[in-house]
Amino acid sequence: MAWHRELTVEKWAAYPLETRILMIQNELGRARSSQRTGYYGSTKLALERALELLDLTVEAGLRGDRLGRLLRSRERIARAYLFPEEEIPEAL
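Conventions we followed
- Residues numbered from 1 in each chain as written.
- Predicted model: local features only at pLDDT ≥ 70, side-chain atom pairs only at ≥ 80, totals over all residues.
- Heavy atoms only, no water.
- Axes fitted to C-alpha atoms, helices over the stretch in contact; angles between N-to-C directions.
- Helix = DSSP H or I, 4+ residues; strand = E, 2+ residues; numbered from the N terminus.
- Parallel < 35°, antiparallel > 145°, perpendicular 65-115°, else oblique.
- Left-handed = near helix turned anticlockwise from the far one by under 90°.
- Contact = heavy atoms within 4.5 Å.
- Nonpolar A, V, L, I, M, F, W, Y, C, P; charged D, E, K, R; others polar.
- Expected span 1.5 Å × (residues − 1).
- Buried < 20%, exposed > 50% of the residue type's maximum accessible area, 1.4 Å probe, protein only.

Sorry if this is basic, but what is going on with the packing of helix α3 (residues 40-59) against helix α4 (residues 64-82) here?
Relative placement of two packed helices is described by the angle separating their axes and the distance separating the axes. With their axes 10 Å apart at the nearest point, α3 and α4 run at an angle of 160° to one another. If you check the angle between α3 and α4, you find them roughly antiparallel. You can see that α3 and α4 cross each other, and the crossing is left-handed. Here Lys44, Leu47, Glu48, Leu51, Leu54, Asp55, Thr57 and Val58 of α3 lie close against α4, whose contacting residues are Leu67, Leu70, Leu71, Arg74, Ile77, Ala78, Ala80 and Tyr81. A breakdown of the residues in the contact of α3 with α4 according to their chemical character gives eleven nonpolar, one polar and four charged.

Okay, structure coming up:
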């Protein structure tokens, strides 16, 4: 599901990388908050949004070590989506 329908790769790439990472972290924070209250449906929705923003970041053209780290983080977030009752990673 596309949460950020108006957000293109070009628009997303215009933000500094630090801002993009913070926006992804905001979604992870929302996921952690809903997880603590036991609302796993909301947890999964926030994780979907984080994954969508992360995928846009990858599409925007990261290379090298940054790309590798981001893809490893994506794997951890995807696992959290599949198992929403498990702890969500703290940082990207």
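Let's pick the thread back up.
It is not clear to me how the environment of glutamate 27 should be interpreted in this structure. Could you clarify?
Position of glutamate 27 among the secondary structure elements: in helix α2 (residues 17-36). Taking the C-alpha atoms as reference, glutamate 27 lies 9.1 Å from leucine 53; in sequence the two are 26 residues apart. Not counting residues within four places of it along the chain, the set of residues in contact with glutamate 27 comprises Ala46, Arg49, Ala50 and Leu53.

How do you make sense of α2 when you look at a structure like this?
Each α-helix winds once per 3.6 residues, and so residues spaced three or four apart point in a common direction. Look at α2: 29 Å from first C-alpha to last across 20 residues, which is about the 28 Å you get at 1.5 Å a residue. Looking at α2, one finds that the buried residues are Leu17, Arg20, Ile24, Glu27, Leu28, Ala31, Arg32, Ser34 and Gln35. For α2, the secondary structure elements touched by its buried residues are α1 (9-13), α3 and α4.

Everything listed here is a matter of coordinates, which is why it stays silent on function.
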